[in-house]
Amino acid sequence: MPQDNERIQATAMDFDNAIESRDMDAIIEAFAEDYEVELLGITRSGKEGVRKWANWLFNSVPEIKFTPIIIMVDDGIFFEEFLVSGTLLDGQIVESKQSGVLVYEDYKIKSLRIYFDRLDFADFVATDFLSKRVVRMLKSRSLRRPVQ
């Protein structure tokens, strides 16, 4: 049975709101029993996997806000480009443009994949002179145009 695109979009927004408000029960309820989450090359599944993923997120970024940029919904697939604004444990604020692909089955998340540039967070883990220099070099090289 086809899923209603507007209902999927509303369900996805409810999921974002649950993360922003740190509502663990609503987050877990958003997922199908046989779901899969992929982030940073790590795949989690099952309700305990959701809990571990959400706890990692909350422990890493105590305050988080999502701002949608582009949303597309088609045949149970929700794609969103969004801006994440987060406050880290030390009070620093980080922003990262990210993309997410959520596959819905019966209005529950069957698959969630998040994509972002890891360099967005590099400045926050580089704490000494050498690591800061390496991060600057990586960012500089990533912005170079290829030789033609």
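See above for the structure.
Residues numbered from 1 in each chain as written. Predicted model: local features only at pLDDT ≥ 70, side-chain atom pairs only at ≥ 80, totals over all residues. Heavy atoms only, no water.

## Re the sheet that holds strand β4 (residues 77–87)
The six strands are arranged β2-β1-β6-β5-β4-β3 in an open sheet whose pairing can be described as mixed. Of all the strands in the sheet, the pair left with one neighbour each is β2 (42–45) and β3 (63–74). Each neighbouring strand pair of the sheet contributes to a mean axis angle of 20°, computed without reference to strand direction. As paired strands, β4 and strand β5 (residues 93–105) are joined by eleven bridges and run antiparallel to one another. Opposite I77, over in β5, you have V103 as the bridge partner. With respect to the sheet, helix α1 (residues 5–20) is in contact with β1 (31–39), β3, β4, β5 and β6 (108–116), its orientation differing from that of β3 by roughly 165°. Each of β1, β2, β3 and β6 touches helix α3 (residues 46–60); the most contacted strand, β1, lies at about 40° to it. (Pairing = 2+ DSSP bridges. Helix = DSSP H or I, 4+ residues; strand = E, 2+ residues; numbered from the N terminus. Axes fitted to C-alpha atoms, helices over the stretch in contact; angles between N-to-C directions. Contact = heavy atoms within 4.5 Å.)

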